[in-house]
Amino acid sequence: MEDDSYYLDTDLDLSFTSTTTDRTFTSSSARSSLARSSLTLSFNDRLSTATTPSTTTSSAPTTLHHRRYDPHWTAIRAATTLSSDGRLHLRHLKLVRLLGTGNLGRVFLCHLRDCPTPTAFALKVIDRDALTAKKLSHVETEAEILSMLDHPFLPTLYARIDASHYICLLIDYCPNGDLHSLLRKQPGNRLPVSQVRFFAAEVLVALEYLHALGIVYRDLKPENILIREDGHIMLSDFDLCFKADVVPTFRSRRFLRVSTPPSSPRRPRRSRRGGCFSTEATYEREEIVAEFAAEPVTAFSKSCVGTHEYLAPELVAGNGHGSGVDWWAFGIFLFEMLHGATPFKGVTKEQTLRKIASSDDVVFPLELDEEGVREAKDLIQQLLVKDPTKRLGCARGAQDIKRHPFFEGIKWPLIRHYKPPEIRGLVKKSSKAHGGHVTGVSSPRRRKWLWWALSNLLRSKRSNSKIQSNNNSYHYVGKSYNASRKRV
Ligand SMILES: Nc1ncnc2c1ncn2[C@@H]1O[C@H](COP(=O)(O)OP(=O)(O)OP(=O)(O)O)[C@@H](O)[C@H]1O
C-alpha cells in the first residue's frame, strides 16, 4: 500500500521528523519539536571556517581540504550560501536510496537538493537511542577520525549533523561497492597480480597516512575497502580504530649505490655480477637518504577487536598490540586478493583463532603461474610473521613495505594518478555518473514507494529494540545481499 502521507516530495529532514510529528506519533510531539529545533550542522573544524555557532555569514565556507575545489565541496558551498543562516541543514539533503546497514547504523545515498548537477554523497545515519554506550563510543571514534582525514584514499567528512537522537555523517559516496563483493565476482574470487599490486599499493598509502596521524586502523578487510567512481579506493569504517601519539621523524638511511660511470676517478671495484674475469667495473658509493617515518610504535591497546580471519596473533593472545596488527592484516589482505581466501580460515571461528595463534607458517595453496607471484609470496611471508617485532613494517612503517620488490617500479608520489584496473563488475564511469544513480529512482511511482519504505523503516526503528549486534546482512531496497564477515 502506498501512503501519500509519507510521500511529500520530501527530504531527509522531513523523513526523520515525519516519524515523530503528530501525523505519525502524536505522543512524541516533544521529540518532534526537539528534532526540528536541533537540525543544525556543525562543519568539521578542520575542514571549514563555518564551524562556530557565531559564524552566521552566508558566505561560502573556506575549507582546508585538499579537494575543496571538487564538485562536492562546491555543491556544499552553494547550499550553505543559499541557506538563511549560512549553514547546511538536513533539509538540504535528498535521500535517494538505502545503501546498506552496518553495525552502528544505516547508510543512504543522498544528494543535495536544488543542486544543478546532482552530486552524490553517502549519509551514515546513526540512531543514538538504539545503541549501547560502547557502540556510541565507537560512533564518536569514527566521527573523530573522519574529521581528521584529508587524503584521496580516505573518506572526506563533509558534515556532521546532530539532529535529535540521530547522528548523521555526510561522506563520499562510492558507487562501485566494496572490494569483497568485487572479488566475489571474479573467477576464483581472486585478482591477477597486477591488480592486486594496484589495490595493495593504495591501501598501503592509506594505512601509512593513518599511522602518521597515530591512528591504528584494526579492521582492514576487503569489505571495508570501497571503490570510488574513478576506480580508486576509499577505506571505510573507522569505529574500531584507536589513536596514539606519534612523532613523525626524518631518519637517515645509508645504502650503497652501485653504478658504472663512464670515466670516474673514483675507486673502481670488480663487479660481482661480472665475475672476476669481467672487465666491467662498477662503483659503489655510499648514499644517505632522509626518510619520513611516522609509525605509532608506542601505540598499545589490549582490546580484542577486528574480524577473525584478519586478527593478528598478538590480538588473539590479548597481551596488547600496536600498529603492527595493521601490517599483519595487510598480509592477509594480499593473500586473499591473490588466492581468493584467507590463509588461516578454519571451520569455526575458534579454529580460525587457533590456526592464527599456532606456530605454523602460512601455506600457499597453489603455485600461480604469473609474473610477480614470487615477490607477492615473499612479501606476504614477511608480513605474516607472528612476532610483531620481526614483522615487516613494524620498525619503520610503510617505508619498508614500499621498498619490497613486489612494489618495484611504483612511483609512490604519483600513485593517485595511476589508472585503476578495469575489472569485471565495476560500474563504468559515465558523464552522468552521479546522475545515473539519482535518475535510477526518478520515476514518481518508484520514488513514492521508496519514501514510503524509508519512512516505515525509520518508524519501525522506534518500536524495534537495538540495532542487531553484528548484523550479518544488509539490505538494498528490495534486495538482500550476502553478509560480510562478522567482527569480534
Ligand atoms: N561511502 C559509501 N558509499 C557507498 N556505500 C557505502 C558507503 N559507506 C557504506 N556503504 C555501504 O553501506 C553498508 C553499511 O556501511 P557501514 O559503514 O555502516 O557498515 P559496515 O561497513 O557493515 O561496517 P560495520 O562493521 O561498522 O557494521 C556497507 O556495507 C556498504 O555497502
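Definitions and limits used
Note on numbering: residues in each chain are counted from 1, in written sequence order. Residue-level local features of this predicted model are given only where pLDDT is at least 70; pairs of side-chain atoms are given and counted only at 80 or more, and the full residue set underlies all totals for whole chains, interfaces and linings. UniProt positions are given in the numbering used here, feature names are shortened, and annotations may be inferred rather than shown by experiment. Lines fitted to C-alpha atoms define the axes here, with helix axes fitted over just the stretch in contact, and angles between the N-to-C directions of these axes take values from 0 to 180 degrees. Note on conventions: DSSP H or I runs of at least 4 residues are helices, E runs of at least 2 residues are strands, and numbering of each starts at the N terminus. Angle categories are assigned with fixed cut-offs, so that under 35 degrees is roughly parallel, over 145 is roughly antiparallel, 65 to 115 is roughly perpendicular, and the rest are oblique. Each crossing gets its handedness from the near helix: less than a right angle anticlockwise from the far helix is left-handed, clockwise is right-handed. Here, residues touch in the contact sense if the C-beta positions derived from the backbone fall within 7 Å of one another. Counts of 20 or more other C-beta atoms within 10 Å of a residue's own C-beta define buried residues, counts of 12 or fewer define exposed ones, and intermediate counts define partly exposed ones; C-beta atoms are placed from the backbone. The directions considered for the arc run from the helix axis to the C-beta atoms. All residues are tested the same way: a C-beta atom is placed from the backbone, and lying within 6 Å of a molecule or strand makes the residue near it. A domain assignment, automatic or from a database, supplies the domain bounds used here. Here the expected length of a helix is defined as 1.5 Å per residue gap, with one fewer gap than residues. Strands pair, by our definition, only if DSSP identifies at least two bridges between them.

Looking at an unreviewed UniProt entry, one finds the protein chain named non-specific serine/threonine protein kinase, with Eruca vesicaria subsp. sativa as its source organism. Heading Subcellular location (unreviewed entry) of the UniProt record for the protein chain holds this comment: "Cytoplasm, Cytosol". The Sequence similarities (unreviewed entry) comment attached to the protein chain in UniProt states, word for word, "Belongs to the protein kinase superfamily. AGC Ser/Thr protein kinase family."

(A) Focus on the packing of helix 6 (residues 193–212) against helix 8 (residues 324–339). Their axes nearest at 10 Å, the elements helix 6 and helix 8 cross at an angle of 165°. The orientation of helix 6 relative to helix 8 falls into the category roughly antiparallel. Once helix 6 is placed against helix 8, the crossing between them reads as right-handed. Residues Val196, Phe199, Ala200, Val203, Leu204 and Leu207 of helix 6 pack against Asp326, Phe330, Phe333, Leu334, Met337 and Leu338 of helix 8.

(B) Main features of helix 9 (residues 349–357). When helix 9 is considered as a whole, its buried residues turn out to be Thr352, Leu353 and Ile356. Summarising the axial view, the buried residues of helix 9 lie within an arc of 95°, below the 170-degree limit, and thus occupy one face. Contacts from the buried residues of helix 9 go to helix 7 (313–317).

(C) Region of interest: the site of the ligand. The environment of the ligand is made up of 22 residues, and the closest members are Gly100, Gly102, Asn103, Val107 and Ala122. Looking at the shell around the ligand element by element, the count peaks at three residues for strand 2 (residues 93–101). Viewed by domain, the shell around the ligand spans two of them, domain 1 (17–172) and domain 2 (179–246 + 295–417), each represented by three or more residues.

(D) Molecular detail of helix 4 (residues 133–148). In this model, helix 4 (16 residues) spans 23 Å end to end at C-alpha, consistent with the 22 Å of a helix rising 1.5 Å per residue. Residues of helix 4 that are buried: His138, Glu142, Ile145 and Leu146. The buried residues of helix 4 occupy an angular sector of 100° when projected down its axis, which confines them to one face. Facing away from the buried side of helix 4 by over 90 degrees, the exposed positions are Ala133 and Ser137. Looking at the buried positions of helix 4, the neighbouring elements they touch are strand 6 (166–172) and strand 7 (215–216).

(E) Highlighting the pairing of strand 6. When you tally the buried positions in strand 6, you get seven out of seven residues, the bulk of the element. Sheet topology note: the strand 4 (residues 120–127)/strand 6 ladder contains seven bridges and is antiparallel. Of the residues in strand 6, the one forming a bridge with Val125 is Cys168. Sheet topology note: the strand 5 (residues 159–163)/strand 6 ladder contains five bridges and is antiparallel. When the bridges of strand 6 are listed, Ile161 appears paired with Cys168. Hairpin connection of strand 5 to strand 6: two residues between the antiparallel strands, including Ser164 at a positive phi of 55°.

(F) View of the environment of Ala201. Its location among the elements puts Ala201 in helix 6. Once the C-alpha coordinates of Ala201 and Arg416 are considered, the two residues, 215 residues apart in sequence, prove to be 10.0 Å apart. Residues in contact with Ala201, not counting those within four places in the same chain, are Phe407, Ile410 and Ile415.

(G) A look at the pairing of strand 3 (residues 106–112). Most of strand 3 sits inside the fold, with seven of its seven residues counted as buried. Burial along strand 3 is two-sided: the residues Arg106, Phe108, Cys110 and Leu112 and Val107, Leu109 and His111 are all buried. Once strand 2 ends, the chain turns through four residues before running back antiparallel as strand 3. Pairing of strand 3 with strand 4 involves six bridges; the strand directions are antiparallel. Across the sheet, residue Phe108 finds its bridge partner in strand 4, namely Leu123.

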